[in-house]
Amino acid sequence: MNRLQHLSHLTAVLVATYVVVPHCAFARAETTKPNIIVVVVDDVHVTQVDTGLGSKDGYPEPLPVTKTPTLRALAQSGITMTTGYSANPMCWPSRGSIITGLYPRRWGDSTKIPQGIKWAPEYLKPLGYKSACIGKWHLNWDDKSVDAFKPLGRGFDEFFGFLAGAHSYYLLNDDSSATGKKQGPIFNGHKPASVDALLRTLPPYREAYRGDPNDPNTPPWYLTQELTTQACDFIDRHHEEPFFIYLAYNARHTPGEVPAYFSKDIDGHSENSGVKVTQAAMVHVVDLGMQEVLSKLERYDIKEDTLIIFVGDNGGPANANRNDTPEQVFNGAKGSQYEGGKRVPFIVSWPNGLPPNSTKQLTYSFPVMHIDIVPTILAAAGMDIPAGLDGTNLLPYLRGEKNSDPHVSLHWNSTARKGKWKFFYDAEKGNMLFDLVADPLEQKNVVAKHPEIEKEMVSLVSKYFEDTKTAKR
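Residues numbered from 1 in each chain as written. Predicted model: local features only at pLDDT ≥ 70, side-chain atom pairs only at ≥ 80, totals over all residues. Heavy atoms only, no water.

K.L.:
Residue-level account of the nonpolar core, with values.
P.N.:
Ranked by internal contacts, the top residues of the largest apolar core, which has 50 residues, are Ile37, Tyr222, Phe243, Ile245, Leu247, Leu297 and Phe310. Broken down by secondary-structure element, the contributors of at least two residues to this core are strand 1 (35-41), helix 2 (69-77), strand 4 (130-136), strand 5 (158-162), helix 6 (223-238), strand 8 (243-248), helix 8 (274-299) and strand 9 (306-312). For this core, the leading source of residues is helix 8, giving 11 residues. The residues contacting leucine 297, other than those within four sequence positions of it, are Ile37, Ile235, Phe243, Ile302, Lys303, Thr306 and Ile308. One finds Val38, Phe156, Phe159 and Ile309 within the second-largest nonpolar core, a separate group that totals 49 residues. (Core = buried A, V, L, I, M, F, W, Y, C linked by side-chain atoms within 4.5 Å. Buried < 20%, exposed > 50% of the residue type's maximum accessible area, 1.4 Å probe, protein only. Helix = DSSP H or I, 4+ residues; strand = E, 2+ residues; numbered from the N terminus. Contact = heavy atoms within 4.5 Å.)

Okay, here's the thing in structure tokens:
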């Protein structure tokens, strides 16, 4: 199906069914504080995660090489946000929003989030939560010597991961790689992890950690698997108390590295380009990791009381030196003001806290954003939502207790969305206005036809800039 065909399918469904979750109250039994796991994937298009949805549901079709059966099952047993947005089309600002509930503009869209801003684990700690940051940090990462800027200085009890925006996926002897993307050691707490601490994955990976990535019979140690193992180890140690895990995979960010052991799992890989197979395999390893995490929750009989939010950090990159771009229907890519830069996979699962399985897969179609994650998890933990957060607690909307749009408008600096309208300023083309229900692929700039909408959107952008010029503390 080409982009124009997909456009007609998306348009027909979006016009007919804007919100799919039934508008009926969901009464749930009172439970103990849920465990909370926020899973982030890196530079992943919505087409690279199979949620079980397609154009018939007003959602992009997964790529033919996409293989994520665990995430598909999670989506089908939970709720998929069909219009899930990143708070910024780049990595570091979006991750700051995921963990603070604030728009990135409040700290200048930089990696330097002021220490006066509270983070999710700091809110959860007084409620008895143990917390771990596992994976990619990319916040204040250029201040590697300052412990206050690292996860343990931001409320996390444990940290296993790296500080920079990218990292080699293989275990190296030194602090560099052929692609120049390692950017520092893997940390265990405040200190670089020892080799023994890194070798936590199960055989054959422990014995073959310096194996050949191109030989499916001798796979090497692989960072994505290690992050999964660390998350499962944390659950082993803290399953008897409420816990919060921020599991920030760097897959499928550059460098494009994946053992042949996993590439061979991709259906039809010999008939497709190597780049697409590599990317699909990298996300597939995340999916296998999610299977391990869910199995661990089931082992301790806590899966039903665990809130899982699975989300991408931003859209996939466009240029070839960043792994090429797989086919996707949305216009634009990472860093863009168009939908391709901001639309992300967004799945919410909480068996004891959200509507149960129905005969039809549950979806939620009103736009939601990274800023909504913190207020939602705090509400799930039984906390009153602190004043000053930019996001909205989504639970009443996902339970059908509220049937309105959670947001008056959503913003990405000079870009704004209100209802079906999307507005931004382009330096070459001027003001841009799109009707995303009639034109989800942003093919027709209709600003000349709707001057009153243009005026309203310009006013909303101006108000947003004024409201967010200082950080909330």
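K.L.:
Requested: an account of unusual backbone geometry, with residues and values cited.
P.N.:
Residue arginine 252 follows alanine 251 across a cis peptide bond; omega there is 10°. Looking at where arginine 252 falls in the secondary structure, it is placed in the loop between strand 8 and helix 7 (260-263). Across the junction of threonine 254 and proline 255, the peptide omega takes the value 0°, indicating a cis bond. Within the element layout of this structure, proline 255 appears in the loop between strand 8 and helix 7. Phi angles above zero are rare outside glycine, and asparagine 413 is one such case at about 55°. Note on placement: asparagine 413 falls in the loop between strand 13 (410-412) and strand 14 (415-418). Of the residues examined, asparagine 413 reaches a relative accessible area of 22% and is grouped as partly exposed.

K.L.:
With reference to specific residues and values, describe helix 10 (residues 373-380).
P.N.:
For the α-helix, the turn length of 3.6 residues means that residues three or four positions removed from each other point alike. Across the 8 residues of helix 10, 7 count as buried, placing the element largely inside the fold. Of the residues making up helix 10, those classed as buried are Ile373, Val374, Pro375, Thr376, Ile377, Leu378 and Ala380. One or two residues past the end of helix 10 sits glycine 382, with phi positive at roughly 95°.

K.L.:
Break down the packing of aromatic side chains for me, citing the residues and quoting the values.
P.N.:
One pass over the structure, following the stated rule, counts 17 aromatic pairs. Where phenylalanine 234 meets phenylalanine 243, the ring centres are 6.2 Å apart and the plane angle is 90°; that geometry is what we call edge-to-face. Taking relative accessible area as the criterion, phenylalanine 234 reaches 1% and is therefore assigned buried. Summarising the aromatic geometry, the rings of tyrosine 338 and phenylalanine 434 are spaced 6.1 Å apart at their centres and angled 55° between planes, so their arrangement reads as tilted. You can see tyrosine 338 sitting in the loop between strand 9 and helix 9 (339-342) and its partner phenylalanine 434 sitting in strand 16 (residues 430-435), a full 96 residues away along the chain. Aromatic rings pair up to connect Trp119, Trp137, Phe156, Phe244 and Tyr246 into one cluster. A cation sits over an aromatic face here: arginine 343 above tyrosine 85, 5.9 Å from the ring centre. (Phe/Tyr/Trp six-rings, centres within 6.5 Å; stacked < 30°, edge-to-face > 60°. Lys NZ or Arg CZ within 6 Å of the ring centre and 35° of its normal.)

K.L.:
Please give an account of the pairing of strand 1 that cites residues and values.
P.N.:
The side chains of a regular strand alternate, first on one face of the sheet and then on the other. With respect to burial, strand 1 is a largely interior element, 7 of its 7 residues being buried. The alternating pattern of strand 1 places Asn35, Ile37, Val39 and Val41 and Ile36, Val38 and Val40 on opposite faces, both of which are buried. For strand 1 and strand 9, the ladder comprises 7 bridges, and the chain directions are parallel. Residue pairing for strand 9: valine 39 is matched across the bridge by phenylalanine 310. Sheet topology note: the strand 1/strand 8 ladder contains 5 bridges and is parallel. Following the sheet pairing, valine 40 is matched in strand 8 by alanine 248. (Pairing = 2+ DSSP bridges.)

K.L.:
Would you mind going over the pairing of strand 9 in detail, with residue names and values included?
P.N.:
In terms of residue burial, strand 9 counts as a mostly covered element, since 7 of its 7 residues are buried. The pairing of strand 9 with strand 10 (residues 346-349) spans 4 bridges and is classified as antiparallel. If you follow phenylalanine 310 over to strand 10, its bridge partner there is isoleucine 347.

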